[in-house]
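The lines below spell out each chain.
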Amino acid sequence: MKPDLFQAPDYYNIDDLLTEEHKLIREAARDWVKRDVSPIIEDYAQKAEFPTQIITGLAEIGAFGPYIPEAYGGAGLDQISYGLIMQEIERGDSGVRSTASVQSSLVMYPIFTYGNGAQRKKYLPKLASGEWMGSFGLTEPNHGSNPGGMETNFKDKGDHYLLNGAKMWISNAPFCNIAVVWAKNEEGRIHGLIVERGMEGFSTPETHNKWSLRASSTGELIFDNVKVPKENLLPNKSGLGAPLGCLDSARYGIAWGAIGAAMDCYDTALRYAKEREQFGKPIGQFQLQQKKLSEMITEITKAQLLAWRLGTLKNEGKATSAQISMAKRNNVEMAIKIAREARQMLGGMGITGEYSIMRHMMNLESVITYEGTHDIHLLITGLDITGLNAFK
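Residues numbered from 1 in each chain as written. Predicted model: local features only at pLDDT ≥ 70, side-chain atom pairs only at ≥ 80, totals over all residues. Heavy atoms only, no water.

Caption draft 1: Region of the structure containing the overall build of the chain. What the chain contains, in helices and strands, is ten helices and nine strands. Per-residue burial over the chain gives 54% buried out of 392 residues. For the chain, long-range pairs separated by at least 24 residues make up 75% of all intrachain contacts whose partners lie at least 6 apart in sequence. Approximately 16900 Å² of the chain is accessible, and the part contributed by carbon and sulfur atoms is 51%. A distance of 3 Å separates the average location of the 42 positive side-chain charges in the chain from that of its 46 negative side-chain charges. (Helix = DSSP H or I, 4+ residues; strand = E, 2+ residues; numbered from the N terminus. Buried < 20%, exposed > 50% of the residue type's maximum accessible area, 1.4 Å probe, protein only. Contact = heavy atoms within 4.5 Å. Areas by Shrake-Rupley, 256 points an atom, 1.4 Å probe, with all protein chains shown as cover. Lys, Arg positive; Asp, Glu negative; His and termini not counted. Charge placed at Lys NZ, Arg CZ, Asp CG, Glu CD.)

Caption draft 2: Region of interest: unusual backbone geometry. The backbone phi angle of Asn13 is positive, close to 55°, even though this residue is not glycine. Turning to its location among the elements, Asn13 is positioned in the segment before helix H1 (20-47). Of note, the phi angle at Asn209 is positive, near 65°, even though the residue is not glycine. Looking at the element boundaries, Asn209 is found in the loop between strand S6 (202-203) and strand S7 (218-229). Given a relative accessible area of 77%, Asn209 falls into the exposed group.

Caption draft 3: How the structure looks around the domain arrangement of the chain. In terms of domain boundaries, the chain breaks down into domain 1 (14-129), domain 2 (134-239) and domain 3 (241-386). Contacts between domain 2 and domain 3 engage eleven residues on the former and eleven residues on the latter. Carbon and sulfur atoms supply 73% of the area that domain 2 and domain 3 bury against each other, a total of about 970 Å² over both sides. Considering only the surface of domain 2 that becomes buried against domain 3, Ser145, Ser212 and Leu213 emerge as the three largest contributors, covering 40% of it. Its residues assigned to classes, the side of domain 2 that touches domain 3 shows five nonpolar, four polar and two charged. (Domains from an automatic or database assignment. Buried area = accessible area lost by both parts, 1.4 Å probe. Nonpolar A, V, L, I, M, F, W, Y, C, P; charged D, E, K, R; others polar.)

Caption draft 4: Summary view of the packing of helix H8 (residues 321-345) against helix H9 (residues 357-367). Between H8 and H9, the shortest axis-to-axis distance is 9 Å and the interhelical angle comes to 150°. Judged by the angle between their axes, H8 and H9 are roughly antiparallel. You can see that H8 and H9 cross each other, and the crossing is left-handed. On H9, the residues touching Lys328, Val332, Ala335, Ile336, Ala339, Arg340, Ala342 and Arg343 of H8 are Ile357, Met358, Met361, Leu364, Glu365 and Val367. For the contact of H8 with H9, the per-class residue count stands at ten nonpolar, no polar and four charged. (Axes fitted to C-alpha atoms, helices over the stretch in contact; angles between N-to-C directions. Parallel < 35°, antiparallel > 145°, perpendicular 65-115°, else oblique. Left-handed = near helix turned anticlockwise from the far one by under 90°.)

Caption draft 5: Fine view of the UniProt feature "domain: Acyl-CoA oxidase/dehydrogenase middle" (unreviewed entry) in the chain. Here the UniProt-annotated "domain: Acyl-CoA oxidase/dehydrogenase middle" (unreviewed entry) positions come out as residues 135-226. Here residues 135-226 is 0% helix and 48% strand, with 17 Å between the C-alpha atoms at its ends. (UniProt positions renumbered as here; feature names shortened; annotations may be inferred.)

Caption draft 6: Structural context of the packing of aromatic side chains. Tallying each qualifying case throughout the model produces twelve aromatic pairs. With a centroid separation of 6.1 Å and an interplanar angle of 80°, the aromatic rings of Tyr109 and Tyr114 are classed as edge-to-face. Ring geometry for Phe279 and Phe286: centres 6.2 Å apart, planes at 80°, overall edge-to-face. By relative accessible area, which is 26% here, Phe286 ends up partly exposed. Taken together, Tyr109, Tyr114, Phe136 and Trp182 form an aromatic cluster joined through their ring pairs. One cation-aromatic arrangement involves Arg120 over Phe112; the distance from NZ or CZ to the ring centre is 5.1 Å. In this structure, Lys314 is placed above the aromatic ring of Tyr252, and the distance from its NZ or CZ to the ring centre is 5.2 Å. (Phe/Tyr/Trp six-rings, centres within 6.5 Å; stacked < 30°, edge-to-face > 60°. Lys NZ or Arg CZ within 6 Å of the ring centre and 35° of its normal.)

Caption draft 7: The arrangement of the nonpolar core in detail. Counting 97 residues, the largest nonpolar core has Ile89, Ile111, Leu127 and Trp182 as its most contacted members. The element best represented in this core is helix H6 (residues 241-275), accounting for 18 residues. If sequence neighbours within four positions are ignored, Ile89 has contacts with Val33, Leu58, Ile61, Ala63, Val96, Arg97 and Ala100. Core analysis: the second largest hydrophobic core is formed by 17 residues, Phe154, Ala183, Met199 and Val228 among them. (Core = buried A, V, L, I, M, F, W, Y, C linked by side-chain atoms within 4.5 Å.)

Caption draft 8: Inspection of the UniProt feature "domain: Acyl-CoA dehydrogenase/oxidase N-terminal" (unreviewed entry) in the chain at higher detail. According to UniProt, the "domain: Acyl-CoA dehydrogenase/oxidase N-terminal" (unreviewed entry) feature falls on residues 19-131. For the annotated span residues 19-131, helix accounts for 73% and strand for 0% of the residues, and the straight-line distance between the end C-alpha atoms is 31 Å.

Caption draft 9: Spotlight on a nonpolar patch on the surface. The grouping of Tyr11, Tyr12, Leu17 and Leu305 at the surface amounts to a nonpolar patch, some 450 Å² of accessible area in total. Tracing the backbone shows Tyr11 in the segment before H1. Given the relative accessible area of 61%, Tyr11 is considered exposed. (Patch = residues over 30% accessible without salt bridge, like charges linked within 9 Å, V, L, I, M, F, W, Y side chains within 5 Å. Salt bridge = Lys/Arg side-chain N within 4 Å of Asp/Glu carboxyl O.)

Caption draft 10: Highlighting the pairing of strand S3 (residues 160-171). As paired elements, strand S2 (residues 153-156) and S3 share four bridges and run antiparallel to each other. Paired with Phe154 across the two strands is Leu163, which belongs to S3. Linking S2 back to S3 in an antiparallel pair, the connection comprises three residues, with Gly158 at a positive phi of about 90°. In this structure, S3 lies alongside S7, joined through nine bridges in antiparallel fashion. Opposite Ile170, over in S7, you have Gly219 as the bridge partner. (Pairing = 2+ DSSP bridges.)

Written as structure tokens, this is what we have:
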């Protein structure tokens, strides 16, 4: 087990843009990752298991609903704090960040934003503490980039709704206590429903044989005539815009998180380049290796500035869906390119579990696809700047 020697790069003194509270929150998350995630994560990735014992720690550093008000168990933090926490967690592992992102942006966010007072009081404190874990059901076997085509549906049976359908590629599904599920009513309108484990006909089979996000628990949500109480319908928003609003929050967190993965790959490659000798000198003294490292730190710095500005806009209530989309696409692409370059710099050692790079590289292959694929985000930007819809 190698010690976690990570040192975060800050080439443009971006820390000067952060408050003291921001830095304290980030350091708490960073210290926790170094102590509780880094020492175990390679083993869990190799075993393809999620380390459930870290759930309490995630809650303690405020990773579950950090922007949810304290009255409902959240930390009442701003959006930059949320981003910094996601950055530090993904520096440890994208799968662990996925667990926190789903809990925060895809489960707690819709309950807080679209739910009523009773739903908030019932679910949010237990989700914030990690006593309950949640999942988010939107993607289906036949509907990924086109979620509006979903087939999962529910019918009004008088004193309850009857839910049928299936969702797949669902983080946290195998162990979730609740799922926020998006389904169409008899008129074809999309609504959110809170489905609880133990409801008859609700099952969550695990997805196996993944080469990516191996330390994350992924599964399906199956609904076979599930009776859902009417009070479990999220009342305050319906239509496709409701789940897409959740995805905006999740994509924002990913834009920060990907920076963490890139930082870890860069820091590992930089340290290796100074220590590894070939032809009588450190490989970091060769021009091509310096080129790689120089490009890495440049792209990380650009991504940091993009995320910080987006966080400022989010705090002011001005961030658009298209702006969030751009940051998610840019920062994940940046991270995956850095992971690939860093892997090459380490040569054969880069594919081993002794270093984190190959794990990050495989994880980012999922991150570049979920919450909107790279290509879909390009088209979202294209629509925003031209006004012409390539989806129709």
